[in-house]
Amino acid sequence: MKKLITALAIFFATSAQAEMTIVNPGSEEGVFRQILTTIGDKVEHDFVQANNPVTAYSYIEGANDPVLTVWSSEWPGDTKLKSPAINKTNLVALMTYETMMCSREFTDLESMSGKDVKIATWGSEPVAKFLTALGNEKDINFIVVPFSGSGSTTKGYIAGDADTVFTITSRQGAIEEDSATSCIAFSAKGDLGFRFVDAIATVGADEKTTEYLRKVVTKLSATTKWNDKFSGSVTYVGGTTNNVSMFDQAVVNFSR
Amino acid sequence: MIEELIIWSIIGIVSGTVFGIIPGAGPFIATALLYPLLASTAPVNIMMYYVSVLITSNYTNSVTAILYGIPGDATAISTAKYGHRLFTKGFGSLAVSSNAISSTAGVMFAVGVFLLALPRVLDLFAFYNSIIQTLIITMAVLMITFLTKQNIIITLGLFLLGGILAKVGIDPITFDSFLTFGNSYLALGVPFASVMIGLYIVPELAKVHNVNVGAPKQISKFAVGKETTAPTLIGSFIGFWCGLIPGVTNILGSYASANIVKRFFRKPVLKSIAAAEAANNSGALSSLLPLLILAIPITGSEVLIYYLMLENGFQFSIQNTVNKLENIIYIVPFVTIFCLFLSWYGFNLLGKVAYFYKRYKIYVNIFILTTISTVSIAIFPIHVWMFVCILCLSVLGYTLKRWDTSPVIYGFFLSDLFYESLTRTIVILS
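Residues numbered from 1 in each chain as written. Chains lettered and ligands numbered in written order. Predicted model: local features only at pLDDT ≥ 70, side-chain atom pairs only at ≥ 80, totals over all residues. Heavy atoms only, no water.

Participant: Go over the packing of aromatic side chains with me, naming the residues and quoting the values.
Facilitator: In this structure the tally under the stated criterion is 12 aromatic pairs over all chains. An angle of 50° between the planes, with centres 4.8 Å apart, marks the rings of W122(A) and F196(A) as tilted. In this pair, W122(A) is assigned in strand β6 (residues 116-122) and F196(A) in strand β10 (residues 196-203), connecting sequence segments 74 residues apart. Assessed through its relative accessible area of 8%, F196(A) is described here as buried. In textbook terms, an aromatic cluster arises when at least three aromatic residues are bridged by ring pairs, as seen for W122(A), F130(A), F166(A), F194(A) and F196(A). A cation sits over an aromatic face here: R104(A) above Y157(A), 4.1 Å from the ring centre. Above the face of the F264(B) ring, R263(B) is positioned so that its terminal group lies 5.5 Å from the ring centre. (Phe/Tyr/Trp six-rings, centres within 6.5 Å; stacked < 30°, edge-to-face > 60°. Helix = DSSP H or I, 4+ residues; strand = E, 2+ residues; numbered from the N terminus. Buried < 20%, exposed > 50% of the residue type's maximum accessible area, 1.4 Å probe, protein only. Lys NZ or Arg CZ within 6 Å of the ring centre and 35° of its normal.)

Participant: Run through the state of the cysteines, naming residues and quoting values.
Facilitator: A complete count under the given rule lists one disulfide over all chains for this structure. The disulfide partner of C102(A) is C183(A), and the gap between their sulfur atoms is 2.2 Å. Negative torsions about the S-S bond denote left-handed disulfides, and the value of about 90° found for C102(A) with C183(A) makes this one right-handed. You can see C102(A) sitting in strand β5 (residues 99-103) and its partner C183(A) sitting in strand β9 (residues 182-186), a full 81 residues away along the chain. The pair formed by C102(A) and C183(A) is uniform in burial state, with each residue classed as buried. There is no disulfide at C389(B), and the cysteine sulfur nearest it, in C392(B), is 7.0 Å away. Of the residues examined, C389(B) reaches a relative accessible area of 5% and is grouped as buried. (Disulfide = S-S within 2.5 Å.)

Participant: Explain helix α13 (residues 250-264) of chain B to me, using residue names and the numbers behind them.
Facilitator: Residue and element names in this part refer to chain B. With 15 residues, α13 should cover 21 Å at 1.5 Å per step; its first-to-last C-alpha distance of 21 Å lies within 8% of that length. Along α13, 11 of the 15 residues are buried, which leaves the element largely enclosed by surrounding structure. Among the residues making up α13, those that are buried are N250, I251, L252, G253, S254, Y255, A256, S257, A258, N259 and V261. In this structure, the buried residues of α13 make contact with α4 (43-68), α5 (77-88), α8 (130-146), α12 (229-242), α14 (268-286) and α20 (406-429). (Expected span 1.5 Å × (residues − 1). Contact = heavy atoms within 4.5 Å.)

Participant: So what about the pattern of salt bridges? Which residues, and what values?
Facilitator: Residues and elements named next belong to chain A. Applying the stated criterion across every chain, the model contains six salt bridges over all chains. With a shortest N-O distance of 3.0 Å, D178 and R104 are connected by a salt bridge. Of this pair, D178 sits in the loop between α6 (172-175) and β9 while R104 sits in the loop between β5 and β6, placing them 74 residues apart in sequence. Of the residues examined, R104 reaches a relative accessible area of 25% and is grouped as partly exposed. One salt-bridge network, held together by shared partners, links R104, D163 and D178. (Salt bridge = Lys/Arg side-chain N within 4 Å of Asp/Glu carboxyl O.)

Participant: Pulling in residues and values, what's your account of the interface of chain B and chain A?
Facilitator: Facing 47 residues of chain B, the contacting portion of chain A comprises 49 residues. Across the chain B/chain A interface, buried area totals approximately 4,000 Å², and carbon plus sulfur atoms make up 62% of it. Across the contact surface, chain B and chain A share zero salt bridges. In this structure, the connection of chain B to chain A is made through seven residue pairs in polar contact (both at pLDDT 80 or more). For the side of chain B that touches chain A, the secondary-structure elements that each account for two or more residues are α7 (121-127), α8, α10 (184-187), α15 (288-294), α16 (300-311), α19 (383-399) and α20 of chain B. (Buried area = accessible area lost by both parts, 1.4 Å probe. Polar contact = N/O pair within 3.5 Å; in protein donor to acceptor, adjacent residues only side chain to side chain.)

Participant: Talk me through the side chain of S9(B); I want residue IDs and the actual numbers.
Facilitator: The residue S9(B) is located in helix α1 (residues 2-21) in this model. Ignoring anything within four residues of it in the chain, the contact list for S9(B) reads M48(B), S52(B), I331(B) and V335(B).

Participant: An account of the environment of V216(A) is requested, with residue identities and associated values reported.
Facilitator: Residues and elements named next belong to chain A. Tracing the backbone through its elements, the reader meets V216 in helix α7 (residues 207-221). For V216, a relative accessible area of 9% translates into the label buried. Spatially, the C-alpha atom of V216 lies 9.8 Å from that of V237, the residues being 21 residues apart in sequence. Ignoring any residue separated from it by four or fewer positions in sequence, one finds V216 in contact with I39 and K42.

Structural data, given as structure tokens:
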């Protein structure tokens with residue numbers, strides 16, 4: 001019954017036969033949709049707007065055509081979610097978002113030691129886990145003031161909901177509009193052991209299709225438009241001998 | 001440069017006129033449809049287009065609201081409620097004039113504050129923390145519940161129904177399911193357009209109006225009394241602040257303004273329209289501040305604009321906003337004045353349609369409902385799910401026709417936001 005419903009949903013959601021189905025597990029307005037539609041401009045496809053990874057997985061599972069999707073490395077660790085298998089064969093590219101910690105109260109991580117620190121950041125479990133681990137290591141009691149995304153986190157920090165913020169580096173400009181703020185730790189410099197990683201991957205596609213998509217992303221990620229649009233992120237295309245350790249680590253993370 | 005800005009402004013006005021009238025469409029659908037075209041132009045033109053769409057759609061979404069009691073979007077519910085009442089009593093001209101002038105005043109107020117606040121805009125954001133947000137939303141919830149003519153329990157029940165419908169689906173942060181029963185469609189959540197159509201428009205259309213529709217008169221002069229000045233200013237002020245709240249923006253502003261005026265002013269019907277419309281337009285423009293200064297889009301259509309501008313190399317900051325977008329500010333008054341005449345003259349034209357409405361009310365209502373539903377189904381990615389939602393909620397809406405169902409819409413928007421703000425407030429105050 002479930003398969004029938006899924007098949008019907010895909011049928012109604014699409015108007016014409018195409019060689020590939022793009023499934024967006026993010027919102028209609030989010031960055032995942034932007035990534036997928038930018039790639040989608042270069043390949044013939046049907047588009048399924050799933051809105052969330054739970055629904056996206058059911059579409060991916062029931063699809064007859066090869067699927068292209070974006071999957072967050074935060075999701076496989078969540079027991080409520082099923083994730084598609086992501087490995088070196090079907091990984092098209094990785095997009096990494098470096099993180100940072102900024103504060104108007106503290107000048108470095110050491111000065112937080114032994115204190116309760118209210119921190120504006122995502123309310124998600126992986127971020128909470130990371131902060132707990134960092135807190136244990138540095139003797140800091142982080143109290144998360146939870147937000148739903150980097151935009152609302154930044155706005156909350158500027159409004160004074162917390163005097164410290166943990167977010168992605170693309171928000172640095174906005175955060176430093178507040179002259180009392182200094183950014184004190186960065187994942188890119190090795191101060192923080194957490195960055196957001198999104199995988200652009202195929203499911204049920206042959207090697208040729210995945211390779212073609214890698215070429216598309218290679219071309220796109222070299223353009224100014226792509227880099228302006230996804231500023232603060234770095235795109236690493238798979239299937240090469242570069243950044244092997246990063247891909248190995250990503251595959252481990254996506255296999256949790 | 002200036003010629004291009006004017007052209008994009010005209011494109012924005014045309015889009016805003018068309019998509020403002022279609023419930024559930026608005027600036028998001030207008031921008032999504034023009035995305036490829038917008039992607040090929042400069043950021044300053046994109047912003048000019050967007051400001052024009054915002055302003056125009058806020059004028060035109062009130063036309064169907066006043067004529068048929070059908071709001072173009074959730075921000076026009078107060079206008080639909082009070083404006084349509086005036087219209088059916090033969091005072092449509094007053095409703096239209098008040099709508100047009102107060103909307104214009106709201107835009108002017110927002111532009112003025114925008115210019116004044118820009119040098120110290122961070123102080124503006126600093127004021128607006130989670131505690132203040134929670135207080136404002138609490139006040140709104142209390143107003144919805146207690147400033148109602150119908151039974152408080154019924155109102156509260158309808159508000160909670162809206163909250164529950166908004167919660168159906170998968171939580172985007174925790175991935176917890178709520179009332180999905182393992183069904184893929186329910187996991188998508190209940191689309192807002194279906195709630196608006198099924199639980200607001202259907203019960204409104206199903207209500208039997210005992211009052212005859214008065215013949216629409218040509219609007220040859222602005223029949224706005226002095227008494228609307230204060231409500232307009234109140235609306236502009238409240239709307240400006242509410243425009244900064246992610247998620248609800250000017251929806252909350254128009255509702256709160258209309259109800260405050262209704263509570264504290266004598267003969268409040270016309271004044272409520274003035275307050276709601278001023279709040280609407282003021283809030284639509286103030287919601288641009290977080291986007292332009294902090295690169296934080298707070299509505300769906302702003303997200304599209306954000307990506308379009310980023311893609312075209314725009315760096316969001318106070319400096320860039322001042323340097324590159326200052327020309328837009330000077331064109332806004334012309335757009336506003338154009339809209340003023342558009343809504344005024346346009347209403348005269350649409351007013352003639354009202355004769356047919358009077359004679360063929362049932363057929364016209366069915367036609368409107370079918371058109372709105374068809375457009376909503378066509379623009380939603382999973383067509384069958386939108387169809388099912390509209391159908392089910394329309395049946396439910398029909399059974400609720402004896403009550404004012406607008407609390408459902410506010411519950412849909414406010415309950416989640418209230419919960420999130422309250423959670424943060426508890427952490428902050430702990």
